[in-house]
Amino acid sequence: MRIAVAGGTGRIGRLVVTELAREGHEAVSLSRGEGIDLLTGVGLRQRLEGVGAVIDATNPPVADIAEAEHAFATITRNLLTAEAEAGVGHHVALSIAALDAVAGNPHYYGKRAQEREVIAGAVPFTIVRATQFHDFPAMIAEWTVVDGEAIVPPLLLQPIAPADVAAALVATAATAPLSASFDIAGPRTEDAVDMARRTLAVRGQDLPLRAAWRDAALGVEFAGEVLLPAPDARVAPTSFDDWLAAGAD
């Protein structure tokens, strides 16, 4: 099957392209290197010729809510318009589990705008909502270093490996659209502070951690179990322990 990938040079997009090849599909990257501008739509229609499905793994950099909503909505509208013109039968969008549980940062506002466009669009779709990746708590620690100490909220997460996300996106694109969303998550729940500490240890980083919600980068609304997936989430195989054992990269 000929499947196009928006954001094919990004973290998840690269894994999706690799997974497509492994599964015997033909990957079509929708990137600037192929003359594509997702924010203007330039080059999209021609690039989608003969494509059966599009996987949207874009993650545009955004500074505030207005910019996030504009970027995600515009990219999605441009993709859907070109897909409808080219006869693409399935639009697969990567989103975030528990997206509606918190107002969130600009990225969350952008993803909600993206989902609204997908649902309202003319192309049959499936939205795949993934939980946080295994390195998420360590990233929070790196964002919040003050006077040599990092602050990590004691969140309960059910983290997933990026490679498992890519596999789920490819499997979804190769099947009939659901015109709905579903959650994907790792096999077990983990504590974010413990995850950050263990990740830093595997990486050989000596960074003191302090558990707190109010002073953390995400704010008090990101607390407790708020980011856990729906009870019927599809469970991916790679655990946090597996990821650590592989080097925490």
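Rules used in this analysis
Residues numbered from 1 in each chain as written. Predicted model: local features only at pLDDT ≥ 70, side-chain atom pairs only at ≥ 80, totals over all residues. Heavy atoms only, no water. Helix = DSSP H or I, 4+ residues; strand = E, 2+ residues; numbered from the N terminus. Rg over C-alpha atoms; globule rule 2.2 N^0.38 Å. Buried < 20%, exposed > 50% of the residue type's maximum accessible area, 1.4 Å probe, protein only. Contact = heavy atoms within 4.5 Å. Lys, Arg positive; Asp, Glu negative; His and termini not counted. Charge placed at Lys NZ, Arg CZ, Asp CG, Glu CD. Core = buried A, V, L, I, M, F, W, Y, C linked by side-chain atoms within 4.5 Å. Pairing = 2+ DSSP bridges. Right-handed = clockwise from strand over helix to strand, strands pointing away. Expected span 1.5 Å × (residues − 1). Polar contact = N/O pair within 3.5 Å; in protein donor to acceptor, adjacent residues only side chain to side chain. Phe/Tyr/Trp six-rings, centres within 6.5 Å; stacked < 30°, edge-to-face > 60°. Lys NZ or Arg CZ within 6 Å of the ring centre and 35° of its normal. Axes fitted to C-alpha atoms, helices over the stretch in contact; angles between N-to-C directions.

Asks: Got a sec to walk through the overall build of the protein chain? Specific residues and values, please.
Replies: Along the protein chain, the regular secondary structure elements total eight helices and 11 strands. Taking 18 Å as the expected radius of gyration for a compact globule of 249 residues, we find that the protein chain reaches 18 Å, a close match to that expectation. Viewed in the frame of its principal axes, the protein chain has a C-alpha envelope of about 55 × 40 × 35 Å. Expressed as a percentage of the 249 residues in the protein chain, the buried residues total 52%. Pairs at least 24 apart in sequence give 79% of the contacts found in the protein chain among residues at least 6 apart. When the 19 basic and 32 acidic side-chain charges of the protein chain are each reduced to a single mean position, those positions are 2 Å apart.

Asks: Can you lay out the nonpolar core for me, pointing to particular residues and giving the numbers?
Replies: Within the largest apolar cluster, 25 residues are counted, with the highest numbers of intra-cluster contacts made by Tyr108, Ala141, Val152, Leu155, Leu157, Leu209 and Leu227. Of all the secondary-structure elements, those providing two or more residues to this core are α5 (136–143), β6 (150–152), α7 (192–202) and α8 (240–245). The dominant element in this core, judged by the number of residues it contributes, is α7, at five residues. Setting aside chain neighbours within four positions, we find Tyr108 in contact with Ile96, Leu99, Val102, Ala103, Gln132, Phe222 and Leu227. If you look at the next biggest cluster of nonpolar residues, it comprises 23 residues, including Leu20, Ala53, Val165 and Leu169.

Asks: Describe the pairing of strand β4 (residues 90–96), listing the residues and the values that go with them.
Replies: Buried residues dominate β4, accounting for seven of its seven residues. Residues His90, Val92, Leu94 and Ile96 line one face of β4 and the alternating positions His91, Ala93 and Ser95 line the opposite face, and both faces are buried. Two elements, strand β3 (residues 53–56) and β4, share four bridges in a ladder whose sense is parallel. Along β4, the bridge assignment pairs Ala53 with His90. Note that the unit made of β3, helix α3 (residues 65–86) and β4 has a crossover that is right-handed.

Asks: Could you give an account of α3, naming the residues involved and the relevant values?
Replies: For α3, spanning 22 residues, the distance from its first C-alpha to its last is 32 Å, which sits close to the expected 32 Å at 1.5 Å a residue. Two to three positions downstream of the cap, the backbone nitrogen of Ala66 sits 3.4 Å from a side-chain oxygen, assigning the N-cap of α3 to Asp64. Gly87 sits one or two positions beyond α3 and adopts a positive phi of about 80°.

Asks: Please give an account of unusual backbone geometry that cites residues and values.
Replies: One non-glycine residue, Asp147, lies in the positive phi region at around 55°. Positive phi, normally seen in glycine, also occurs at Ala248, with a value near 60°. The topology assignment puts Ala248 in the segment after α8.

Asks: Tell me about the packing of aromatic side chains, and please be specific about residues and values.
Replies: Within this structure, the stated rule accounts for one aromatic pair. Positioned above the aromatic ring of Tyr109 is the side chain of Arg112, whose terminal nitrogen or guanidinium carbon lies 4.8 Å from the ring centre. In this structure, Arg234 packs its charged tip against the face of Phe182, placed 3.6 Å from the ring centre.

Asks: Report on the side chain of His25, specifying residues and quantitative values.
Replies: Within the fold, His25 resides in the loop between α1 (11–22) and β2 (26–30). Looking at His25, its side chain comes within polar contact range of the main-chain nitrogen of Met1, at 3.5 Å.

Asks: Go over helix α4 (residues 106–120), please, and point to the residues and values.
Replies: Here α4 is 15 residues long and its end C-alpha atoms lie 21 Å apart, about the 21 Å a rise of 1.5 Å per residue gives. Lining the buried residues of α4 we find β3, α3, β4 and β5 (125–130).

Asks: Before we move on, can you summarise the sheet that holds β5 with the specific residues and values?
Replies: Spatial ordering of the open sheet is given by β2-β1-β3-β4-β5-β8-β11, a layout of seven strands whose pairing is parallel. Each end of this open sheet is capped by a strand with a single partner; those strands are β2 and β11 (234–235). In terms of strand pairing, strand β8 (residues 180–185) meets β11 through two bridges, oriented parallel. Residue pairing for β11: Ile184 is matched across the bridge by Arg234. The strands touched by α1 are β1 (2–6), β2, β3 and β4; relative to β1, the strand with the most contacts, the crossing angle is about 170°. Here α4 sits on the sheet and contacts β3, β4 and β5; the angle it forms with β4, its principal contact strand, is near 155°.

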